[in-house]
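Letter by letter, the chains look like this.
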Amino acid sequence: MAKFVILISVILLSVYLTEQAHFLSKDYINKINKVAKTWKAKQNFPENTPKEQIVRLLGSKRLLGIPKSPIKENDELYMDNSEVPEFFDSRLEWKYCKTIGHVRNQGNCGSCWAHGTTGAFADRLCVATNGEVNQLISAEELTFCCHRCGFGCNGGNPLRAWQYFKRHGVVTGGDYNTTDGCQPYKVPPCVRDDEGHNSCSGQPTERNHKCSKTCYGDDTVVYKNDHYKTKDAYFLKNTTMQKDTMVYGPIEASFDVYDDFMNYESGVYQKTENASYLGGHAVKMIGWGVEEGTPYWLMVNSWGEQWGDSGMFKIRRGTDECGIESSCTAGVPSV
């Protein structure tokens, strides 16, 4: 009987581990590349990475049961539908804004919601000030000081992040191990070495940091004087995502992640038929276009430059692929 119990335990453990790793395996990637018509897959994570570690990267929490409001439907600066171009890239529109194409690395922390919103806010500040404010905004402060936003490394709500910008303001802050801005990010990045090992493999989720009320990065910056705010916080419809971006700059976009997406390499992502749901993720939308007949949104992710297409990806536009056009958020900087 004891041997039988041990055998069953071993079988269950094997199934569990297989279940964890299967969507990162070379076999699964090969299957994707056989059926995906508009994009290609590659190995972004070691195939023995636990599923729970992948899920931890996905931290965009929607406010379930609460109507999506306020929804911004118009603006006196919006152009007519006929004036929206087929191709738009914020990096080209505002070449002086160095933050727009910058790819951050959230590390072993579900702070995508903070990176997507602070990333878009930094770009919008640069646009609003014609380049006078041209630096990253602190994902560290937002992640660990906005308690109404959610749970820090365990996820948060993007709209509440923009509300935090409006109510409290947020300081500047660059990447890990830099002195850029008031409060640089303190979570170590997840990086892959030449042998394919990921520095975050087997590591627990980063514990939430204590909210700091001082500058520890650039010691010439005064904490009280470094807070930037927005005038508002709002959702955008699929009809206003482009117009708002063309006037004010990039926006935050949340969407549902399926396991095939983790293996994205290039092209325009569309969920393959048998992909399984993993969680909600937040990124920054900086433009759009059409690739070989398929319309797309151009996105900046926060999993480092080793992931995907140098840290970026394209996703099908116009069909609400994985809910990408259902939960976009933004705000107008107060300058």
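All residue numbers here refer to positions counted from 1 along the written sequence of the relevant chain. Two thresholds apply to this predicted model, a pLDDT of at least 70 for residue-level local features and 80 or more for giving and counting side-chain atom pairs, whereas whole-chain, interface and lining totals are computed over all residues. The basis for every side-chain value is the complete set of non-hydrogen atoms in the structure, without hydrogens or water.

UniProt positions are given in the numbering used here, feature names are shortened, and annotations may be inferred rather than shown by experiment. A UniProt comment under Sequence similarities (unreviewed entry) is attached to the protein, and it reads "Belongs to the peptidase C1 family."

## A short note on the overall build of the protein
Numbering of helices and strands runs from the N terminus; a helix is a DSSP stretch of H or I covering at least four residues, while a strand is a stretch of E covering at least two. The secondary structure content of the protein amounts to eight helices and ten strands. Note that the radius of gyration is over C-alpha atoms, with the globule rule given as 2.2 Å times the number of residues to the power 0.38. Against the globule reference of 20 Å for 335 residues, the protein gives a C-alpha radius of gyration of 20 Å, in line with a compact fold. Overall size of the protein, expressed as C-alpha extent along the three principal axes, is 70 × 50 × 40 Å. When the 335 residues of the protein are sorted by exposure, 54% land in the buried category. For the protein, contacts bridging at least 24 residues in sequence account for 74% of all contacts bridging at least 6. Total accessible area computed for the protein in this model is approximately 15700 Å², and 50% of it derives from carbon and sulfur atoms. Positive charge is attributed to Lys and Arg, negative charge to Asp and Glu, and no charge count is given to His or to the chain ends. To locate a charge, take atom NZ for lysine, CZ for arginine, CG for aspartate or CD for glutamate. The average position of the 37 basic charges and that of the 40 acidic charges among the side chains of the protein differ by 5 Å. Burial classes follow relative accessibility: with a 1.4 Å probe on protein chains only, a residue under 20% of its type's maximum area counts as buried, one over 50% as exposed, and anything between as partly exposed. Here a residue-residue contact requires only that any non-hydrogen atoms of the pair lie within 4.5 Å. All accessible-area figures derive from a Shrake-Rupley calculation using a 1.4 Å probe, and residue coverage is judged against the displayed protein chains alone.

## Structural notes on the state of the cysteines
The rule for a disulfide is simple: a pair of cysteine sulfur atoms within 2.5 Å. By the definition in use, this model includes six disulfides. Disulfide pairing is shown between C109 and C153; the S-S distance is 2.0 Å. Residues C109 and C153 share a disulfide whose torsion about the S-S bond is about -100°; that sign makes it left-handed. Residue C109 is found in the loop between α4 (90–93) and α5 (112–128), and its partner C153 is found in the loop between α6 (139–145) and α7 (158–167); the two are separated by 44 residues along the sequence. Assigned by exposure class, C109 and C153 land together as buried. There is a disulfide in this structure between C190 and C200, and the S-S distance comes to 1.9 Å. Linking C190 and C200, the disulfide has an S-S dihedral of approximately -100° and is accordingly described as left-handed. One end of the pair, C190, is in the loop between α7 and β4 (234–236); the other, C200, is in the loop between α7 and β4, and ten residues separate them in sequence.

## Notes on helix α2 (residues 26–35)
Restricting attention to buried positions, one finds in α2 the residues Y28, I29 and I32. Buried residues of α2, viewed axially, fall in a sector of 100°; they line one side. Exposed and facing more than 90 degrees away from the buried side of α2 are D27, K31 and K34. Taken together, the buried residues of α2 touch β1 (39–41). Read the arc as the range of directions from the helix axis to the C-beta atoms.

## Focus on the environment of P188
Within the fold, P188 resides in the loop between α7 and β4. Since its relative accessible area comes to 34%, P188 is described here as partly exposed. Linking P188 and E76, residues 112 residues apart in sequence, is a C-alpha distance of 43 Å.

## Observations concerning unusual backbone geometry
Generally, phi is negative for residues other than glycine and the peptide bonds are trans, each holding for most cases. Despite not being glycine, N130 has its phi angle at roughly 55°, a positive value. For N177, which is not glycine, the phi torsion reads 65° and is therefore positive. With respect to the helices and strands, N177 occurs in the loop between α7 and β4.

## Considerations on the pairing of strand β7 (residues 277–291)
Two faces belong to every sheet, and in a regular strand the side chains alternate between them. With respect to burial, β7 is a largely interior element, twelve of its 15 residues being buried. We treat two strands as partners when DSSP finds at least two bridges between them. Both strand β3 (residues 88–89) and β7 contribute to a ladder of two bridges, which runs antiparallel. Along β7, the bridge assignment pairs D89 with G287. For strand β5 (residues 251–258) and β7, the ladder comprises eight bridges, and the chain directions are antiparallel. Each residue of the ladder has a partner; that of I251, found in β7, is M285. Of the pairings in the sheet, the one linking β7 to strand β8 (residues 294–300) comprises seven bridges and is antiparallel in character. Residue pairing in the sheet places K284 in a bridge with V300 of β8. Linkage of β7 to β8, two consecutive antiparallel strands, is achieved through a turn of two residues, within which E292 is found at a positive phi near 50°.

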